[in-house]
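Coordinate analysis (summary)
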Amino acid sequence: MNELACLECDLLINPPSLDPGQRARCPRCGSTIAAHNPDGHHRALAYALAATFLLIVANLFPFLAFKSGGIEQVITLPESAGQLHAEGSSALAIIVFAFTIVAPGLLTMGLVILLGAIVLNLRVSWLAVLGRFVTFVQPWSMVEVFLIGVLVSFTKIASLATVTLGVSFWAFAGFAICLTAALACLDRHQLWRAIENAS
Ligand SMILES: [Zn+2]
């Protein structure tokens, strides 16, 4: 019951219930396996709500503007995948769209609903299913990888054209930070305890 695998050495452990501020360490490798953050769910929900707002902004405004030889081209975040498709890289377009918009969007929405239900003490039967869905989709959200890719391309294109980072880029960077912060506030053990209590 409630067994967790240590993320470092795979040892199966049944962590004891923790008081606020306490941490449980793996007896074999010493890495932290559970931590009780007193306001963890509230803070994670606040970051997830901010991330939702920033993701909406990131999808509505220009992402990048290129200016070269008197011609200016503005591209939005959803258009970046469309542009790859137009240039014949359909598989890459699907991957970019799935991992930088769909998966992070589903993860953020899932976190808002899951944490909202926990914070508001709603008793809902499907919370465990949602918890499993959030855990499943989390590794597929690759916003940081995408941002680093954009910055690397930015430094390469900067010598060929004048590139301006749009509102959407900054909103997307803020989204990546808020989503990472939301996940950092969550403890697996504490989250699943809360899900079990609410289901
Ligand atoms: Zn371990």
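Above this text is the structure in question.
Summarised in this report is the structure supplied together with it.

Criteria and thresholds
Residues numbered from 1 in each chain as written. Predicted model: local features only at pLDDT ≥ 70, side-chain atom pairs only at ≥ 80, totals over all residues. Heavy atoms only, no water. Helix = DSSP H or I, 4+ residues; strand = E, 2+ residues; numbered from the N terminus. Buried < 20%, exposed > 50% of the residue type's maximum accessible area, 1.4 Å probe, protein only. Contact = heavy atoms within 4.5 Å. Areas by Shrake-Rupley, 256 points an atom, 1.4 Å probe, with all protein chains shown as cover. Lys, Arg positive; Asp, Glu negative; His and termini not counted. Charge placed at Lys NZ, Arg CZ, Asp CG, Glu CD. Core = buried A, V, L, I, M, F, W, Y, C linked by side-chain atoms within 4.5 Å.

Once that is clear, we can look at the overall build of the protein chain. A tally of helices and strands in the protein chain yields seven helices and seven strands. When the helices and strands of the protein chain are read in sequence order from the N terminus, they spell out β-β-β-β-α-β-β-α-α-α-α-β-α-α. Counting across all 199 residues of the protein chain, residues that qualify as buried make up 41%. Within the protein chain, residue pairs in contact and separated by at least 24 positions form 62% of the contacts whose partners lie at least 6 positions apart. Roughly 11,200 Å² of accessible area belongs to the protein chain as shown, and the carbon and sulfur atoms make up 66% of that amount. Across the protein chain, the mean location of the 10 positive side-chain charges is 5 Å away from that of the 11 negative side-chain charges.

The next subject is the nonpolar core. Most often, soluble globular proteins keep nonpolar side chains buried together rather than apart. Judged by nonpolar contacts, the single largest core of 46 residues is most densely connected at Phe63, Leu111, Leu114, Leu127 and Phe172. Sorting the residues of this core by element identifies helix H1 (40-60), strand E5 (62-68), helix H3 (90-119), helix H4 (127-137), helix H5 (143-157), helix H6 (167-185) and helix H7 (188-198) as the ones contributing at least two each. Per element, the largest residue contribution to this core is 10 residues, and it comes from H6. Excluding residues that lie within four positions of it along the chain, Leu114 makes contacts with Leu127, Leu130, Gly131, Val134, Leu191 and Ile195. In terms of nonpolar packing, the next biggest core, distinct from the first, is built from seven residues, Cys6, Leu18, Cys26 and Ile33 among them.

The subject of this paragraph is the environment of Val57. Relative to the helices and strands, Val57 is located in helix H1. Once the C-alpha coordinates of Val57 and Trp170 are considered, the two residues, 113 residues apart in sequence, prove to be 9.6 Å apart. When residues no more than four places from it in sequence are discounted, the contact partners of Val57 are Val167 and Ala171.

Positive phi is not limited to glycine here, since Asp10 has a value of about 70°. Mapping Asp10 onto the fold places it in the loop between strand E1 (4-5) and strand E2 (12-13). Judged by its relative accessible area of 59%, Asp10 falls in the exposed class. If you check the backbone angles, Asn121 has positive phi at about 60° while not being a glycine. For Asn121, the location among the structural elements is in the loop between H3 and H4.

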